[in-house]
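# Structural features, examined
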Amino acid sequence: MTMLKKQLLLMWACGLCGLNVLLAQEKTVTGIVTDGADKAPLPGANVVVKGSTTGTATDFDGNYTLNVPEGAVLVFSALGYKTQEIAVEGREQVDVSLNSDTEQLEGVVVTALGIRREKKALTYASQEVGSEELTRIKEVNPLNSMAGKAAGVVINRSSAGAGGSVKVVLRGNSSTRSNQPLYVIDGVPMLNTPDEGRGAEGVFGGTGDTGDALSMLNPDDIENISVLRGASAAALYGSQGANGVILITTKSGKDGRTTVTVSSNTTFDKAVNLPRTQYSYTAMDEEGNAGSQSWGVKGNSPDHMKGFFNTGVTSINSVSMSAGTEKAQTYFSYSYTDVKGIVPTNELQKHTFNFRETAEFFEGKLKADANITLSDQGVANRPVAGFYYNPINGAYLFPRGLNYNSYKENYAVFDESRNLYTQNWPQLENEQQNPYWILNRNRSEEDNQRLVAAIKLDYRATDWLTVKSRMSYDRLFNTFERKIYAGTLGVLGGEFGAYNYSENTNTQLYADIIAVANATAGDFDVSATVGSSVTRYTFGQGVSFAGTLKYANLFNVDNYLNPAGTFHRKTDARKEIQSVFSSVNVGFKGMVYLDVTARNDWSSTLVNSGGNISYFYPSVGLTGVLSEMFTMPDFVSFLKLRGSYSEVGNDIPAFVTTPVQTITAGVSSFPEKGLLDGEPLKPERQKSHEFGLEARFFNSRLNLDVTYYKSNTVNQYFEIEAPSTNPNGFTYFAVNAGDIQNKGYEISLGGKPVEGEEFGWDTQFNFASNENTVKNIHPKLNGRANISTSDTYRYAIVEGRPYGVIESKTFVEDEQGRIILNPDGTPKISDDYSEVGNANPDWTLGWNNQFRFKNLTLNFLVDARVGGEVMSLTEAYLDQYGVSQRSARARDNGGVRVDAVMEDGTPVSQIDARTYYNTIGGRNGVGANYVYDATNVLMREIGLGYTFDMPEDHFIRSLKISAIARNLFFFYKEAPFDPNITLNTGNKFQGIELFSVPNTRSIGVNFNIIF
């Protein structure tokens, strides 16, 4: 063998030995990659050996297998998750849970029409609230959970308790019709509430809040909520988007292992902030005779209010299932809500079913998304505000010194002369009846049903063109029944009782078709959208009956005393909006973005308006990403400036331009409103511009979003009194006029002061300030228009003042500010009304925090509203009836100290307590004396949760238990009630409280289990 052959043989042998050694050092590693939040498997996650091209992807169940060299480090990554590096260190199994990357997830957001776009390309303000924020401490109406969590969003809960409507205002009041935003679910506008809102229509009340469509949602079905606050963000919605848009994205099935989630939220609700009442003076005179008011002799009475309100229980339970393959995914959920209210006999039960199926066809070119949601909500004795059918009045005003328990246990007594049970109460008045008679003998029952069916199709015609089409049917059905037994206050029940029954159906049919094109040309990225939609509504379709009975307590429409005079009507209002729209979005090198949108609406409500039924709404916006244009300091991660201008609208009520007669009890009547000759009607039009800055610092650990906006809404809809001589018999003429301006700032500041493996702290501030001015209104209104009024309260639009000033009667004073007294020694009250406050806050602030330590999580939210005023007519009545602590203290002090003067100039320093409070209290007194600063700072939410470590092969993948509390306490509050509760979710009766259900402090527990 030659030397060369020997050398080659030696090299071959050495190489073979080296290869054997190398192969001996390689090993097979397996494992599973899961979501760090819910422990669900992550299919398609990348697993790569660091420093090489060797890698694989996880399968359908999140599993992977990979041959790796000794000492290898594996890099795990997935879209929307933080990348992790883990050393193998000789192990044969390496499992990992990836945590979501907020920065990645925020890179794409849902915008108008359900189109997803890069957040940095937006030319307007947008803010998202995730599912966790909405479900950490659940509300029956999930929109109430938004309070304090987004800048520029003012939320007032209804006084109707659980399941009541919610009033949401974005960037201030701007419309005389409705200031509620448009709600959009998965790209489809939602049928919610009528323009006039829900709740009390006057101080006598009796008309309850029957809830809105939002209260029918299951909070666990919501993925996130995007708030499009300004007109620029909502421009593609045209005449529907004047008040901003709230986009709700719901959950869908996921590709991967089947996941079942069970959630249970139970809270115990305690009435707080009750009026301060007295029990040291009675309603008895010196002879022992009782009156209806507690201005009698001194004497101790038990505090009966302690036992009136129950400890309420709210339980929201849900189960959901997500499953799917790469081609088809399924999502199903069921939720059951059970509420025992703080008012005795008030109960709510709600069932919600949701089924959603998504699928791909033709190699992914066609995507279909179909869902159906069914909800049923039954409510017994929903609380009302005002006088009628309100048990709280009698409980508060009950004459002291009498045996309250006797009236409670014997609310009905047998009347032999009438051969029936009648009401037992010291004295029946408009202001009060026996609370337990109302709860049992004026009982109300209502049922709300909602059906939503939708289908969405996306067809990818080419690599650059996608055609979308959506269709939905939304139906709300409500029935209401109240049985009013004989013995009830005569104005309500007559001699033999009364019966009220109504059925009401609202529907919305929506369809659209949209083409979306995306193209790249050199340094330019272009996205264009063109589409058309049609929305058809019917409102109030149904019947209602109300009347007194012929035979006592036989509740049937055939038993009305006077069928010809009974109130019964068939109602039906319809409208249709047809639209075309388009948008062009141009990006240059990822640093400059231009948005142009256009929409044209044709509304049926403008037919015969005397003008054009077609209206055009444009917008334009420009964004510059400065951090892409210039070299920034190391601490600046991202910097962007944006500006936009837009026009949106708000159409007019149905049948104003085409008046129809009303038939009530078989009698037709003239239309109530119509057009004024020579003045065509137009939709309201809002012209708005905004400028903003977005920045992130220190590797995005600190983020800032600042917005300045200004909007003017013109062509406001007003109704002016029509002369009785008008040939059409109109009571009011509908006209356009006015200009309402809003301008302000919104600031969101968030950060991660501490970010570690075991401990972290996330914090977010949301600040907003809005200045509102009524620039002008119709000249025939002489500078003012009343929105709602009562004897001593008026809510009005006044030129030069903010929208919605509170007006009331005041003391008549002399030049020195002293109260002028009448000859009988009572304070003199003004004949006219004066401005005493404004219901709008000057600014709002929410401070949201989350602390994480290992498996422990602590959250708290502080919600503040500063400025504005509110009026309490409850306090006015407590004074008039002598049951307030003030009235007792005044009697203890020998009278009320005043700075007053008789008409002849004689000074007076003290007035008898009864004389004083009987004059200024009640609904005919001095409302100005019961106006309070609405500023309040509230510990809105606290949650302390623990997530248990579960074995990888355990059938329970995730278990979290949390102690939760909502509305825990006020850091500061001057008003004697919660100023965040409203009597009406429309424009009426804002900033006033009248025997409303008190707010509740809720403490409980939340379980979340994932299988």
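Check the entry above for the structure.
The present account deals with the structure reproduced in this document.

Rules used in this analysis
- Residues numbered from 1 in each chain as written.
- Predicted model: local features only at pLDDT ≥ 70, side-chain atom pairs only at ≥ 80, totals over all residues.
- Heavy atoms only, no water.
- Helix = DSSP H or I, 4+ residues; strand = E, 2+ residues; numbered from the N terminus.
- Rg over C-alpha atoms; globule rule 2.2 N^0.38 Å.
- Buried < 20%, exposed > 50% of the residue type's maximum accessible area, 1.4 Å probe, protein only.
- Contact = heavy atoms within 4.5 Å.
- Areas by Shrake-Rupley, 256 points an atom, 1.4 Å probe, with all protein chains shown as cover.
- Lys, Arg positive; Asp, Glu negative; His and termini not counted.
- Charge placed at Lys NZ, Arg CZ, Asp CG, Glu CD.
- Core = buried A, V, L, I, M, F, W, Y, C linked by side-chain atoms within 4.5 Å.
- Pairing = 2+ DSSP bridges.
- Axes fitted to C-alpha atoms, helices over the stretch in contact; angles between N-to-C directions.
- Patch = residues over 30% accessible without salt bridge, like charges linked within 9 Å, V, L, I, M, F, W, Y side chains within 5 Å.
- Salt bridge = Lys/Arg side-chain N within 4 Å of Asp/Glu carboxyl O.

### Digging into the overall build of the chain
From N to C terminus, the chain includes 12 helices and 54 strands. In terms of C-alpha radius of gyration, the chain reaches 33 Å, essentially the compact-globule figure of 30 Å for 1011 residues. A burial count over the chain gives 55% of its 1011 residues as buried. Sequence-distant contacts, at least 24 apart, represent 70% of the contacts inside the chain between residues at least 6 apart. Put simply, the chain shows about 42500 Å² of open surface, and 54% of that area lies on carbon and sulfur atoms. Counting 90 positive and 111 negative side-chain charges, the chain places the averaged centre of each group 2 Å from the other.

### A closer look at the nonpolar core
Core analysis: the largest hydrophobic core is formed by 84 residues, its most contacted members being F308, F309, Y916, Y917 and F995. Every residue in contact with F995, bar those within four places of it in the chain, is listed here: V384, A385, G386, F387, N390, I392, N393, Y396, L397, T874 and Y877. One finds A150, V166, V168 and L217 within the second-largest nonpolar core, a separate group that totals 26 residues.

### Structural notes on the sheet that holds strand 40 (residues 794-798)
The strands making up a sheet associate through backbone hydrogen bonding, with each pair oriented either parallel or antiparallel. The strand order across the open sheet formed by four strands is 39-40-41-43, and the pairing between neighbours is antiparallel. Each edge of the sheet is formed by a strand with only one pairing partner; in this case those strands are strand 39 (784-789) and strand 43 (834-838). Each strand axis lies, on average, 40° off the axis of its neighbour in the sheet, ignoring direction.

### A closer look at the environment of D634
Position of D634 relative to the elements: it lies in the loop between helix 9 (626-629) and strand 31 (636-650). In the structure, D634 is positioned 187 residues away from L821 in sequence and 72 Å away in space, judged by C-alpha atoms.

### Let's talk about the environment of A839
By the element assignment, A839 lies in the loop between strand 43 and strand 44 (843-853). Judged by its relative accessible area of 24%, A839 falls in the partly exposed class. Along the sequence, A839 and W602 sit 237 residues apart, while their C-alpha atoms lie 35 Å from each other. When neighbours within four sequence positions are excluded, A839 is seen to be in contact with Y795, G804, I806, E869, Q990 and G991.

### Side note on the pairing of strand 39
Bridge count between strand 39 and strand 40: five bridges; the pairing is antiparallel. By the bridge assignment, T789 is partnered in strand 40 with R794.

### Brief notes about the sheet that holds strand 1 (residues 27-35)
Taken in spatial order, the three strands make up an open sheet running 4-1-7, and their pairing is mixed. Looking along the sheet, the strands with just one partner apiece sit at the ends: strand 4 (63-68) and strand 7 (96-98). Averaged over all pairs of adjacent strands, the angle between their axes in this sheet comes to 35°, without regard to strand direction. When strand 1 meets strand 7, the two strands line up parallel, connected through three bridges. Paired with V33 across the bridge in strand 7 is V96.

### As for a nonpolar patch on the surface
A cluster of nonpolar side chains, namely F524, V526, V584, L594, V596, V620, L622 and Y645, defines an oily patch on the protein surface of about 600 Å² accessible area. Overall, L622 belongs to the partly exposed group, its relative accessible area being 46%.

### A short note on the pattern of salt bridges
Tallied over the full model, the rule gives 46 salt bridges. Of the charged contacts, one joins R443 and E445 as a salt bridge, the two residues approaching to 2.8 Å between their closest N and O atoms. In this structure E445 comes out as partly exposed when scored by relative accessible area, which is 35%. D879 is the partner of R886 in a salt bridge, and the nearest nitrogen-oxygen pair spans 3.1 Å. Judged by its relative accessible area of 0%, D879 falls in the buried class. It is possible to trace a salt-bridge network through shared partners that takes in E132, E133, R136, E139, K149, R157, E941 and R966.

Honestly, that's just the spatial picture; any functional story needs more than this.
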